[in-house]
Amino acid sequence: MVSTDSDIIIAKDVHKWYGGFHALRGVSMTVKKGEVVVVFGPSGSGKSTFIRTINRLEEHQRGQIIVDGIELTNDIRNIEAIRMEVGMVFQQFNLFPHLTVRDNIMLAPMWVRKWNRDKADQVAKELLERVGIPEQADKYPNQLSGGQQQRVAIARALAMQPKIMLFDEPTSALDPEMIKEVLDVMTQLAKSGMTMICVTHEMGFARGVAKRMMFFDGGLLIEEGTPEQIFHNPQHDRTKLFLSQILH
Amino acid sequence: MGVILPHSHTHQLNMATTTDTLKPPVTSVGVIGWLHKNLFSSWLNSILTIVALWLIYNLAVGLVGFVLSANWNVVVANLRLFMIGRYTLEEAWRVEVSAAVVAFLLGASWRLWRGIMQQVGIAIGALFVVLALLPFDMNARLYLAGIVALIAIGFGCALVVRSRRLFLALWVLSPFVIAVLLAGGVAGLPAVAPDLWGGLLLTLALAVVGVGLSFPLGVLLAVGRQSDYPVIKWFSILYIEIVRGVPLITVIFAAQIILPIFLPEGMSIDRVVRAMVAFVLFTAAYLAEIVRGGLQAVGRGQGEAAKAIGLNTFQILWLIILPQALRSVIPAIVGQFISLFKDTSLVAIAGLLDLAGIANSVISQKEFLGLQNEVLVFIAAIYFVGCYAMTYASRRLEKKLGVGER
C-alpha cells in the first residue's frame, strides 16, 4: 500500500483493545479524496469501532491514523482539528432533543466555527432544503419520523462543511419505508464529490454508489475491492459466506 | 402478494367506515350510578365512605368555628415582628423598598414573559389584596396598596421598554442590591447586623441565598463526581457522602462553632451568614446527587454526537448535557428547594428567629395567651404560599421545557 497526496485518510496497523478484548487487530487502509467506501461485515467485526477511531470517538492504542495530513494523537488540538474536518452520522441519529431542528444544525457552526447567527441560519436553511425537509426547521427532533431525523443528522454534520463524512449504520434503526429517503440523500452527497466511509448493509447502495468495499471480520480487514469484484468474485471464504447470508 | 394486498386494503377501508359511524359506549350513568360505582360499590367501600364523610364533617365544623372565633389581633399587633423580626425600626423602610423593587420587577416580568411570571404576578397581587382586607392599620394598608400599584407600574414600564435582557439583568442584580441595602454599612446607610434580621425577612434571605448558591455548587459537584480527574472526582464523592451522612441540624450547629475556627484572628462572620453557609453546603450535596441522576439519564450518544461536530468538553457539558440533565430532574430539584425553605426554621438552634422562631415567641406573649392557633395558621399560610409557588413554578417550567415529550 503506497500512500499518495490524494489519500485523505491513512490508517496503518491500527489496534484497539476493550480491556482484554482485541477489537481491532491491525487494520491498514487508505481512502482517497472524493472516494465512497462501504464497510461491511458481521456484528462484532470491528467495522463500527474502526470508523469511530477516525474521529477519535474511540482511541486506537497502536498504529497510526492520519486524516487530511493531521495525525491523530493525544494532542487535543489535533483531535479538535480533525473533528472539524470529519462529520459523522449515527445509527440512532443522536439529535439533540432539547433543540429545534434549526438549532441542532446551527449549534456547531456558531460555537466552533464562530459564525454569526445570520450566516449559520442561512446555511441551516440551505442544508434543510438539500435534504428535503425545509418545512421542519422549527420542530423538535422527536416530532419527526426516523427518516426525517436521520436527514437532519446528515444536515447537522454537513453544516460544519466537513471534508469527510462517516456513516455508522445510518439506516439500521429505520423503518423499511424510510430507508430510501436517507439513502437518496447519501447518494446525492456521494455524487457531489464528498469523501465518505459508510458502514452499511444496504448492498444496493454499495453496488450503485461505492467505489470500493471493505469486508471486516474478527477485527481485521479481510478483503477489499470494487463492488464488482466483491459481489461477483470474492476471494475470501468468509466474504463469500457472509455475502451468501445477507443476499439471500 | 398481488391478490392479498388489494384485499387487505378494502378491509382497512371497511374498518375505517365502521369506526366512523360507531359512537363510543356511554360511560356515565347519572348521579346515583356514579355514587354507587365510586363510593358504595362494596361493604368495605361503604364503610370507608361513611368514615371519611364523618371526618370531613368534623374538620369543616372545626374550621368554621375557628374562622368565626379567631382573634387575628395577635397577628396584626405583631406583624412587624413576623415580617422583619428585630430589624432596626428606623431602618425598616429599607425592607419596604426591597419589597417594592421586587414588586416592580415582578410586574415588568409579567408583561415580558407572561406564562409563569404572569401567574406569579397575579398570585402575589391577590395575596396582597387579601392581606389589605385584614384589620391592619392605615399605613400598612397604604403600603400593601402601594405594592399592588408597583406591580402595575412595572407592567406599564415593560410596555414601553420591551427589553427582556434589561429586566433579566435587573433580576440578577436585584439580590445583590437588596442585600447591600438591607445590611447597610455603605454610602451613609447605617449597618443593620444580620443578627437582627428575623421573621419572614430572615426566612426568605436564608432560602434565596440557599437556593441561589447551592444550585451552582450542586451542579459543579455532580459534574465533578463524573470527572476523569481522580482528585476532583474523589473530592466530590468525599464531600457529597460526608455531608449527606450528617443531619442538617448538625451542619448548622457545626457552621456556628467550627467556621470561626478557620477564620483568621479578629475576623468574625455573622451568625446569619454562618447559617447561610450551612444551608448552601448541605443542600448542594443533595442537589449534586439529584443532578448526577439527571446526567446519567442523558444518553451516551448525545456526548458522542456533540464531540463529532467538534464541540469542546465545556461546550458539550453546557450546551448539550446539562440542559437535558437538569430538565429531567426539575421536580426533584424543586423538592429539595421546598425542603430547604421549610428547614430554614432550624436556625432556631443558632439562636436566630426566623418566621417559625418569631411565632414561638409570639405565642408566649402574655397578652395573647391561648392564641397559638391563629399564629400557627398564619405562618402555615405563609409557608404554604412559598412552597406552593415553587411547586407551581416547577410544573409550569416542566411544561414549557416539554418534560417527557421531547
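Residues numbered from 1 in each chain as written. Chains lettered and ligands numbered in written order. Predicted model: local features only at pLDDT ≥ 70, side-chain atom pairs only at ≥ 80, totals over all residues. Heavy atoms only, no water.

Caption draft 1: Representation of a nonpolar patch on the surface within the structure. Residue and element names in this part refer to chain B. A cluster of nonpolar side chains, contributed by Ile-249, Phe-253, Ile-257, Ile-258, Ile-261, Phe-262 and Ile-349, occupies part of the molecular surface with about 710 Å² of accessible area. Counting residues per element, the ones that place at least two in the nonpolar patch are helix 12 (248-257) and helix 13 (259-262). Position of Ile-261 among the secondary structure elements: in helix 13. (Patch = residues over 30% accessible without salt bridge, like charges linked within 9 Å, V, L, I, M, F, W, Y side chains within 5 Å. Areas by Shrake-Rupley, 256 points an atom, 1.4 Å probe, with all protein chains shown as cover. Salt bridge = Lys/Arg side-chain N within 4 Å of Asp/Glu carboxyl O. Helix = DSSP H or I, 4+ residues; strand = E, 2+ residues; numbered from the N terminus.)

Caption draft 2: Focus on the environment of Val131(A). Residue and element names in this part refer to chain A. Checked against the element boundaries, Val-131 lands in the loop between helix 4 (117-130) and helix 5 (146-158). Val-131 gets classed as buried once you look at its relative accessible area, which sits at 3%. With 55 residues separating them along the chain, Val-131 and Met-186 place their C-alpha atoms 9.3 Å apart. (Buried < 20%, exposed > 50% of the residue type's maximum accessible area, 1.4 Å probe, protein only.)

Caption draft 3: Layout of the nonpolar core. Met29(A), Phe50(A) and Ile197(A) are the most contacted members of the largest nonpolar core, which totals 90 residues. The element best represented in this core is helix 14 (residues 271-297) of chain B, accounting for 13 residues. Residues lining this core come from more than one domain, with at least three contributed by each of domain 1 (90-192) and domain 2 (193-406) of chain B. (Core = buried A, V, L, I, M, F, W, Y, C linked by side-chain atoms within 4.5 Å. Domains from an automatic or database assignment.)

Caption draft 4: Just the domain arrangement of chain B, in detail. Residues and elements named next belong to chain B. Parsing chain B into structural domains produces domain 1 (90-192) and domain 2 (193-406). Spacing between the C-alpha centres of domain 1 and domain 2 amounts to 24 Å. Across the contact, 9 residues belong to domain 1 and 10 residues belong to domain 2. Taking both sides of the interface into account, the surface hidden between domain 1 and domain 2 amounts to around 840 Å²; carbon and sulfur atoms contribute 79%. There are 0 salt bridges connecting domain 1 and domain 2. No other element matches the 4 residues that helix 7 (residues 115-133) contributes to the side of domain 1 that touches domain 2. Split into classes, the residues belonging to the side of domain 1 that touches domain 2 amount to 7 nonpolar, 2 polar and no charged. (Contact = heavy atoms within 4.5 Å. Buried area = accessible area lost by both parts, 1.4 Å probe. Nonpolar A, V, L, I, M, F, W, Y, C, P; charged D, E, K, R; others polar.)

Caption draft 5: Focus on the interface of chain A and chain B. Facing the 22 residues of chain A at the interface are 20 residues of chain B. Roughly 1900 Å² is buried in total at the junction of chain A and chain B, and carbon and sulfur atoms are behind 64% of that figure. At the boundary of chain A and chain B, one finds 1 salt bridge. When the shortest N-O distance is used, the salt bridge between Arg52(A) and Glu304(B) registers 2.6 Å. On the surface where chain A and chain B come into contact, there are 6 residue pairs in polar contact (both at pLDDT 80 or more). Looking at the side of chain A that touches chain B, the elements that each hand over two or more residues are helix 2 (76-85), strand 6 (86-89) and helix 3 (101-111) of chain A. (Polar contact = N/O pair within 3.5 Å; in protein donor to acceptor, adjacent residues only side chain to side chain.)

Caption draft 6: Broad picture of the packing of aromatic side chains. Residue and element names in this part refer to chain A. What the rule picks out here adds up to 13 aromatic pairs over all chains. Ring centres 5.2 Å apart and planes at 50° place the aromatic pair Phe-40 and Phe-215 in the tilted group. Of this pair, Phe-40 sits in strand 3 (residues 36-40) while Phe-215 is found in strand 9 (residues 212-217), placing the two residues 175 residues apart along the sequence. Each member of the pair, Phe-40 together with Phe-215, is buried. (Phe/Tyr/Trp six-rings, centres within 6.5 Å; stacked < 30°, edge-to-face > 60°.)

Caption draft 7: Layout of the side chain of Lys47(A). Residue and element names in this part refer to chain A. Looking at where Lys-47 falls in the secondary structure, it is placed in helix 1 (residues 47-54). Of the polar contacts made by the side chain of Lys-47, one reaches the backbone oxygen of Gly-41; its length is 3.2 Å. Those residues within four positions of Lys-47 in sequence are excluded, and the remaining contacts are Val-39, Phe-40, Gly-41, Pro-42, Glu-169, Val-199, His-201 and Phe-216.

Caption draft 8: Representation of the packing of helix 10 (residues 199-225) of chain B against helix 14 of chain B. Residue and element names in this part refer to chain B. Packing of helix 10 against helix 14 brings their axes to within 6 Å, and their N-to-C directions diverge by 40°. Between helix 10 and helix 14, the crossing angle belongs to the class labelled oblique. Note that helix 10 runs across helix 14; the crossing there is right-handed. Of the residues contributing to the contact of helix 10 with helix 14, the split by class is 22 nonpolar, 4 polar and 3 charged. (Axes fitted to C-alpha atoms, helices over the stretch in contact; angles between N-to-C directions. Parallel < 35°, antiparallel > 145°, perpendicular 65-115°, else oblique. Left-handed = near helix turned anticlockwise from the far one by under 90°.)

Caption draft 9: View of the pattern of salt bridges. For the structure shown, the criterion picks out 24 salt bridges over all chains. Between Arg77(A) and Asp75(A) there is a salt bridge, with the nearest N and O atoms lying 3.2 Å from each other. As a salt-bridge pair, Asp195(B) and Arg271(B) come within 3.6 Å of each other at their nearest N and O atoms. Pair noted here: Asp195(B) is in the loop between helix 9 (164-183) and helix 10 and Arg271(B) is in helix 14, with a separation of 76 residues, a long-range link. The exposure class assigned to Arg271(B) is partly exposed, which follows from its relative accessible area of 26%. One network of salt bridges, in which partners are shared, links Lys16(A), Arg52(A), Glu58(A), Arg300(B) and Glu304(B).

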